[in-house]
Each structure stands twice: as structure tokens, then as C-alpha cells.
Amino acid sequence: MAIVNARELLFKATEEKYAVGAFNITNIIEMEAVVEEAIERKAPLIIQASVSPSKSIRPEVIAAVYRTLAESAPIPICMHLDHCTDVDFCRTCADAGYTNIMIDASKQVYEENVRQTREVTEYCHRVGNISVEGELGTVAGVEDQIKVSEDEAALCDPEAAVRFVEETGVDILAPAIGTAHGIYKTANPKLDFDRLKRIFDLFNAKGPRVPLVIHGGTGLSPEVVKKLVALGGSKFNVSTDLKHALIDATFDYISANRAQYNPGKVDKAVKEAIKKRINYWIDLLGCAGKA
Ligand code: 13P
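So, how was this worked out
One numbering rule holds for all chains: residues counted from 1, following each sequence as written. With pLDDT at 70 or above as the cut-off, local features in this predicted model cover only qualifying residues; side-chain atom pairs require 80 or more to be listed or tallied, and sums for whole chains, interfaces and linings still use all residues. Based on all heavy atoms of the structure, the side-chain values leave hydrogens and waters out of the count. Runs of H or I in DSSP of at least four residues are treated as helices and runs of E of at least two as strands, each being numbered from the N terminus. Two N or O atoms form a polar contact when they lie within 3.5 Å of each other; inside protein one atom must be a possible hydrogen donor and the other a possible acceptor, and for residues adjacent in sequence the pair counts only when both atoms belong to side chains. Here, residues are in contact when the closest pair of their heavy atoms is within 4.5 Å. Burial classes follow relative accessibility: with a 1.4 Å probe on protein chains only, a residue under 20% of its type's maximum area counts as buried, one over 50% as exposed, and anything between as partly exposed. For this purpose, a residue is taken to be near a molecule or strand whenever a single non-hydrogen atom of the residue falls within 4 Å of it. Each accessible area is a Shrake-Rupley estimate made with a 1.4 Å probe; only the visible protein chains count as cover when residues are assessed. Under the scheme applied, nonpolar residues are Ala, Val, Leu, Ile, Met, Phe, Trp, Tyr, Cys and Pro; charged residues are Asp, Glu, Lys and Arg; polar residues are all the others, including Gly. Only centres within 6.5 Å qualify two rings of Phe, Tyr or Trp (six-membered ring in Trp) as a pair; their planes then separate them into stacked at under 30 degrees, edge-to-face at over 60, and tilted for everything else. Over a ring means this: the NZ of a Lys or the CZ of an Arg is within 6 Å of the ring centre and within 35 degrees of the ring normal. DSSP-based pairing: two strands are paired if at least 2 bridges between them are found. By the criterion used throughout, a crossover qualifies as right-handed when its path from the first strand across the helix to the second strand runs clockwise, the strands pointing away from the viewer. Only buried residues count toward a nonpolar core. Its members are Ala, Val, Leu, Ile, Met, Phe, Trp, Tyr and Cys residues joined through side-chain atoms within 4.5 Å. A fitted line through C-alpha atoms serves as each axis, taken over the contacting stretch for helices, and the angle formed by two N-to-C directions is quoted from 0 to 180°. If an angle is under 35 degrees, it is roughly parallel; if it is over 145, roughly antiparallel; if it lies from 65 to 115, roughly perpendicular; otherwise it is oblique. Should the near helix be turned anticlockwise from the far one by less than a right angle, the crossing is left-handed, and should it be turned clockwise, the crossing is right-handed.

Undergrad: Looking at this structure, I do not really get the side chain of His-83. What am I missing?
TA: Mapping His-83 onto the fold places it in strand S3 (residues 77-84). Polar side-chain contacts of His-83 include one of 2.8 Å to the side chain of Asp-104. A distance of 3.1 Å separates the side chain of His-83 from the side chain of His-181, its partner in a polar contact. If we skip the residues at most four places from it in the chain, His-83 touches Val-51, Met-102, Asp-104, Glu-135, Glu-143, Gln-145, Ile-146, His-181 and His-215.

Written out as C-alpha cells, the structure reads:
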């Protein structure tokens, strides 16, 4: 009942100027935690898995857990494959039951990015109700197997973005605007807000057409997050923050309970820590009560 693709969720968010949290998970406990918190806050949700966790847990297992959790949830939930550089693995995850696929060919030359993005988009639209996210420009930092140095990072050219969407048919666009994966080296990273506004206006000024994604959520100040959402970012990606919450909660629990051997209690501590972070992000993104 609550299985949706990202396009459906993000049209409403783009129109009403809030963002849907897109939270990267690395295991099933985290999947449960993000779903439970989103249900408590009545927030629409995008669960994301990068390529490594998708491969280690296996796409069909992730999709089965997703289906089970989403079908009984009173909120819409999308399952997204994050930053995949391999067209074949995009197909595998689409076949398994993910409902949004990100083909990330942003490090390729423009023509190759178009070719791969179009191939994945045509496939996903043909086999099911699956939306596709593409990236233009390159987001700096490290997310799973994607590593982009500051020298390699390039911002998204708005006019090229219009061409890219036309040529690929992609549903959702991640324009590089200066945000970065991982921990920011400075408290005030240089973001190009004007560029985001220009890209938003080109696509969505007359109503939602191509929702925009903000990558690199971790470490942005609350003011910056709110500004990016107000300027039209409607899918907001958070990964590193949750990895830290998971590792820190595990470490703290084990340090305080060294004589205990009860894995269920470690899982509970992790779940609570993740839920706290999801609660924080849902407040900032303005998506509570929007389900
Ligand atoms: P962070 O790790 O900086 O939160 O970035 C997440 C992201 O953009 C995933 O695609």
C-alpha cells in the first residue's frame, strides 16, 4: 500500500516546499529505525542503500524487507539505490523491487553520462513504476565507492541540466552545487545557492516537473539546510551522520556494558540513536505530518 517511487513523493514536496529525508542505511536494524521514526512523525520517507550494502545484504533481501515494512506502514516509502555507477547493477536492483534508482555517471564525459542515464531510465520506466535519479556536475567527497577530490568536483551548468533531462528522460536531478559527501572541512562550505535557484526555476517555476536532490546533508548547519529546502531541494540525502550514530552508539553501549553478551541490546541502542537523528532531520526538512 505504501510502496511508492521517489517521483511521486517529490512532486508533492516540490510543490509544498519541504524536503523528504533520504536516509542511507547499511543494515536491517537501521532500515527498521528509519521506518519507525518516519511513521511516528507521519513523514514520507526515502530509504537509501549504496552499492556496497546493497551487494552485501543482497538486493532481493533489501527489497523483501522494504516491501514488508512499507506495505504495513501508513506512510509512503520509497527504496532508492544510491550512486550506482554500473548499469547492470541498476537493472538488478530495479528487478528486485527498488523503486528509485540513481545511475551516477557524473564522472564520465557529458555524452557518456547521457548514454548511461538514458539506458537506465528507459529500462526502469519499461519494467515498472520506478523513477530514476541522475547527477550532473560532480559532488565532492566520498560516498561508498564514489570518490571525488575537490579538484575533480564541478558544479552543474543550468543550461546543460535542461539538455541532460531532455536527452535522458531522467525523473529527478542531483545538480552539484558545492555540497560534499562526508564531513565538511570548514564550518561554512561554499555553496552556490543562486545556481540551485536558477536550476529550480528552469525546471519547476510553473509547477513540479523535475524534483531536485541535495547530496551531502551531513554537517550542514540548520540554517543552510532550511535555505536549500526553501530554494527547492526536495530530496535531502543524509548518510555519514547515520554511520556515525551507528558506530558511536555501538561503541558507547559496549564500553558501558563490557561484561554483557546480548546483541539485542546493542541493536536497541543503535536503533534509538538512529531514530534520534531521523527525528532531528525530519524537523529540519519540514516533512513531519506530510505523509
Ligand atoms: P553525507 O554522507 O554527507 O550525508 O551525504 C549523503 C549523500 O549525499 C548520499 O548520497
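There's more to say after this.
Undergrad: Please clarify how unusual backbone geometry should be interpreted in this entry.
TA: Among all residues except glycine, the phi angle is most often negative; among peptide bonds, the trans geometry is most common. Of note, the phi angle at Lys-17 is positive, near 60°, even though the residue is not glycine. Inspection of the secondary structure puts Lys-17 in the loop between helix H1 (6-16) and strand S1 (20-24). Since its relative accessible area comes to 38%, Lys-17 is described here as partly exposed. You will see that His-83, though not glycine, has its phi angle at about 45°, which is positive.

Undergrad: So what exactly am I meant to see when it comes to the site of the ligand here?
TA: Around the ligand lies a shell of 15 residues, among which Asp-82, Gly-216, Thr-218, Ser-239 and Thr-240 are the nearest. Contact between the ligand and His-181: an oxygen atom at 3.1 Å from a side-chain N or O atom of the residue. Ser-239 has a polar backbone atom sitting 2.8 Å from an oxygen atom of the ligand. In the complex, 100% of the free accessible area of the ligand, which totals 310 Å², lies under the protein chains. Put simply, the parts of the chain that give the shell around the ligand at least two residues each are S3 and strand S10 (233-238). Considering only residue class, the shell around the ligand consists of 2 nonpolar, 11 polar and 2 charged.

Undergrad: Teacher, can you tell me more about the packing of aromatic side chains here?
TA: Each aromatic ring pair is characterised by the separation of its centres together with the angle its planes make. Here the structure, examined in full by the defined rule, presents 3 aromatic pairs. Of the aromatic side chains, those joined through ring pairs into one cluster are Phe-236, Tyr-280 and Trp-281. Arg-91 extends its terminal NZ or CZ atom over the ring of Tyr-123, reaching a point 5.5 Å from the ring centre.

Undergrad: Just checking my understanding: could you explain the pairing of S3 for this structure?
TA: For a regular strand, side chains alternate in direction, first toward one face of the sheet and then toward the other. For S3, the tally of buried residues reaches 8 of 8 residues, placing the bulk of the element in the interior. The pairing of strand S2 (residues 45-49) with S3 spans 5 bridges and is parallel. When the sheet's bridge partners are listed, Ile-46 is paired in S3 with Cys-78. Here S3 runs beside strand S4 (residues 100-103); their pairing, made up of 3 bridges, is parallel. Across the sheet, residue Leu-81 finds its bridge partner in S4, namely Ile-101. Following the backbone out of S3, through helix H5 (residues 87-96) and into the adjacent parallel S4, one traces a crossover that is right-handed.

Undergrad: I keep staring at the nonpolar core and nothing clicks. Help me out?
TA: Generally speaking, soluble globular proteins have nonpolar side chains that are buried together. The biggest cluster of nonpolar side chains holds 93 residues, and the ones touching the most others in it are Ile-47, Ile-101 and Phe-236. In terms of residue count, the dominant contributor to this core is helix H11 (residues 263-285) (8 residues). Excluding residues that lie within four positions of it along the chain, Ile-101 makes contacts with Leu-81, Cys-90, Cys-93, Ala-94, Val-120, Cys-124, Ile-130, Ser-131, Val-132 and Glu-133.

Undergrad: What should I look at first to understand the environment of Tyr-123 in this one?
TA: Within the secondary structure, Tyr-123 sits in helix H6 (residues 110-127). A relative accessible area of 15% places Tyr-123 in the buried class. Separated by 54 residues in the primary sequence, Tyr-123 and Ile-177 have C-alpha atoms spaced 28 Å apart. Every residue in contact with Tyr-123, bar those within four places of it in the chain, is listed here: Arg-91, Ala-94 and Asp-95.

Undergrad: What am I meant to see in the packing of helix H2 (residues 28-40) against helix H4 (residues 59-71) here?
TA: Between two packed helices, the angle of one axis relative to the other and the distance separating the axes together describe the packing. It is at 11 Å that the axes of H2 and H4 come closest, and there the two elements cross at 25°. Comparing their axes, H4 and H2 come out roughly parallel. The hand of the H2/H4 crossing is right-handed. Contacts from Ile-28, Met-31, Glu-32 and Val-35 of H2 reach H4 at Val-61, Ile-62, Val-65, Tyr-66 and Leu-69. The residue makeup of the contact of H2 with H4, split by class, is 8 nonpolar, no polar and 1 charged.

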